[in-house]
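Now for the letters of each chain:
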Amino acid sequence: MTDPALDADVLRERAVASLLTARERTALLTGCVDEPDLTAQHSPLMSPLVWDLAHIGNQEEQWLLRAVAGQEAIRPEIDSLYDAFEHPRTERPKLPLLSPDEARRYTADVRGRALDVLENASFHGTRLTEAGFVFGMIAQHEQQHDETMLITHQLRRGPRALTAPDPEPVPPFTGPSEVLVPGGPFTMGTSTEPWALDNERPAHLREVPPFFIDTTPVTNAAYLAFVEDGGYDDPRWWTAEGWAHVRRASLTAPLFWRREGRQWFRRRFGATEVVPPDEPVLHVCWYEADAYARWAGRRLPTEAEWEKAARYDPAGDRSRRYPWGDAEPGPEHANLGQRHLRPAPAGSYPAGASPLGVRQLIGDVWEWTASDFLPYPGFRAFPYREYSEVFFGSGYKVLRGGSFAVDPVACRGTFRNWDYPVRRQIFSGFRTARSADA
């Protein structure tokens, strides 16, 4: 029998490590630029970096200090300032926000108290604390904002403030371009992953007909063929809404790309570089991904197809936690954690491939799917409706798999992301699919 004390020690160690890893990244993202860059709004799509910083601390205070430990509010007057639903991003620069120094002191104070709470926490008795869920939720929340802040850095004008080593170069991928995923039922979602969020639950059977899916995400070179073939000028490839958006927004290529003569360049975190042909395409919206797939004679995979390709193990007739198995992600499996500030070349990470041989399903780029963001059968909002439930509907499309900007704590085979189909400042790419009988 497993020692309950050991279980608690393991959970506590995991929670501490996850919280500290997130805070190290937050400190780097907010410490590499001067105060004017922290307080400025670099895009109407994004908050000032200093808002994200204090919001991280405020969420941690509300859940770990107040909800778990029952402590009095440290600064109750700021709750409304950092309520994401009360103040849209466009309004946040006008609010009386904490200064960078005040925000750092506040988040440090909250963190010190939160670690004290964690030191004596019980990991059973309530749904909120079971298996350390609330601590995992807060670590994931901070890492999600770290990704948001990295997006802000990409949108920010000015000299490069962040650097990281490039992924290891790999030989050009020469494997099969697509993989057949067999038809039949599989278990989608989870009821057992302790830190899974409400929209990933519960586990349920899905029947999926056989289909083919790309072995790797669509590359810049492949997408460039669509651009050069006049894809942005041909309404045949676009939905009515997509074509209207292309005309209205004057889209001609992925975000941050520009053409000089016959050469395409892109801006990446303050530097300009030639678009690398073998990397997965990045910064495309759902409409662009859908149009490319139509042009290529294919389609986007449904969310269920994507998850079956990522998790289904035909040998064991079960769903794994990750494509490679149940082990936590390692650097050999996937490009995660802002370890590199770009996708790895297509075909990288063979150790992270699914049992069927599909590669890079986790990390590198978020992958658009054909599916609207909807609840699973038996969904129950927890611990608050505003995390998932208020977003369900046809207005949002699902992305799966995570990007290079996502930390492993906030990335699983069941993890679901969602956004408007026009969004492309996010680290989004895609892969395509086709029905087996097509």
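Calculation notes
Residues numbered from 1 in each chain as written. Predicted model: local features only at pLDDT ≥ 70, side-chain atom pairs only at ≥ 80, totals over all residues. Heavy atoms only, no water. Buried < 20%, exposed > 50% of the residue type's maximum accessible area, 1.4 Å probe, protein only. Helix = DSSP H or I, 4+ residues; strand = E, 2+ residues; numbered from the N terminus. Arc of directions from axis to C-beta. Contact = heavy atoms within 4.5 Å. Pairing = 2+ DSSP bridges. Polar contact = N/O pair within 3.5 Å; in protein donor to acceptor, adjacent residues only side chain to side chain. Axes fitted to C-alpha atoms, helices over the stretch in contact; angles between N-to-C directions.

Draft legend 1. Local environment of helix α7 (residues 240–249). Among the residues making up α7, those that are buried are Gly-242, His-245 and Val-246. Along the axis of α7, the buried residues cluster in a sector spanning 100°; they form a single face. Turned more than 90 degrees away from the buried face of α7 sit Ala-240, Glu-241 and Arg-248, all of them exposed. Buried residues along α7 sit in contact with α8 (286–295).

Draft legend 2. A look at the sheet that holds strand β11 (residues 393–400). Taken in spatial order, the four strands make up an open sheet running β12-β11-β10-β13, and their pairing is mixed. The sheet terminates laterally at β12 (416–419) and β13 (428–429), the two strands that pair on one side only. Sheet topology note: the strand β10 (residues 366–373)/β13 ladder contains two bridges and is parallel. Residue Trp-366 lies in a different strand from β13, and its bridge partner there is Ser-428.

Draft legend 3. Spatial organisation of unusual backbone geometry. Note the cis peptide between Arg-201 and Pro-202, where omega equals -10°. Looking at the element boundaries, Pro-202 is found in the loop between β2 (184–188) and β3 (204–208). For the peptide bond that leads from Phe-382 to Pro-383, omega is -5°, which places it in the cis range. Structurally, Pro-383 is set in the loop between β10 and β11. Notably, Phe-269 is not glycine yet its phi reads approximately 50°, a positive angle. Mapped onto the elements of the fold, Phe-269 is located in the loop between β6 (263–268) and β7 (271–274). The backbone phi angle of Gln-338 is positive, close to 60°, even though this residue is not glycine. Inspection of the secondary structure assignment puts Gln-338 in the loop between β9 (318–319) and β10.

Draft legend 4. Layout of the side chain of Glu-367. Tracing the backbone shows Glu-367 in strand β10. Looking at Glu-367, the relative accessible area reads 1%, which means it is buried. At a separation of 3.0 Å, a polar atom in the side chain of Glu-367 contacts the side chain of Trp-306. There is a polar contact of 2.7 Å between the side chain of Glu-367 and the side chain of Arg-431.

Draft legend 5. How the structure looks around the sheet that holds β7. If you trace the three strands from one edge of the open sheet to the other, you get β5-β6-β7, paired in antiparallel fashion. Each end of this open sheet is capped by a strand with a single partner; those strands are β5 (257–260) and β7. Looking at each pair of strands side by side, their axes are set apart by 35° on average, direction ignored. The sheet contact formed by β5 and β6 spans four bridges and is antiparallel. Counterpart to Arg-259 in the pairing with β6 is Trp-264.

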